[in-house]
Amino acid sequence: MGSNVVNLDERSSHAAIHYACMACAHDWNAAFPPTPDLSLECPQCHAPAGEPVALDDWDWFTRFMTGPNHDKRTLVLLNAARQARKNNPRT
Ligand SMILES: [Zn+2]
């Protein structure tokens, strides 16, 4: 790698995490240093109900899917699965 090329992955202390609002199903990517189990305020409805999307967690999945707006919640999960495949194409 040339001396004027910077590998941003080596300099980044932040991670983008896919969040979904458990109240209204709005989803967004949040960039911040990794912190487990941190709930965020939803940028759409402002409920403190933003949780990291956890596709492999059955308890999270059932809590998320029991909320209102089932179609939007399904789209959030499809989007999360698409992002996971994009970030790790071997899975
Ligand atoms: Zn919300």
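Residues numbered from 1 in each chain as written. Predicted model: local features only at pLDDT ≥ 70, side-chain atom pairs only at ≥ 80, totals over all residues.

Observations concerning the overall build of the protein chain
For clarity, the cut-off: Going along the chain from the N terminus, every DSSP run of H or I of four or more residues is numbered as a helix, and every run of E of two or more is numbered as a strand. Whether a residue is buried, exposed or partly exposed is read from the other C-beta atoms within 10 Å of its own C-beta, which are placed from the backbone; 20 or more gives buried, 12 or fewer gives exposed, and intermediate counts give partly exposed.
Scanning the protein chain for helices and strands turns up three helices and three strands. Listed by position from the N terminus, the elements making up the protein chain come as α-β-β-β-α-α. Here the protein chain holds 91 residues, and 11% of them are scored as buried.

Quick look at the nonpolar core
Operational definition: In this description, a nonpolar core means buried residues of the types Ala, Val, Leu, Ile, Met, Phe, Trp, Tyr and Cys, linked to one another by C-beta atoms lying within 7 Å. Contact between residues is assigned whenever the C-beta positions, reconstructed from backbone atoms, fall within 7 Å.
By size, the foremost hydrophobic cluster in this structure holds seven residues: Tyr-19, Ala-20, Cys-21, Ala-25, Cys-42, Val-53 and Val-76. With sequence-adjacent residues up to four places away left out, Val-76 is seen in contact with Ala-20, Ala-25, Asp-27 and Val-53.

Here we look at unusual backbone geometry
Unlike most non-glycine residues, Ala-25 shows phi in positive territory, near 75°. Tracing the backbone through its elements, the reader meets Ala-25 in the loop between β1 (15-21) and β2 (27-32). For His-46, which is not glycine, the phi dihedral falls at a positive 70°. Within the secondary structure, His-46 is located in the loop between β2 and β3 (50-52). Judged by local crowding, His-46 falls into the exposed class, with 11 C-beta atoms found within 10 Å.

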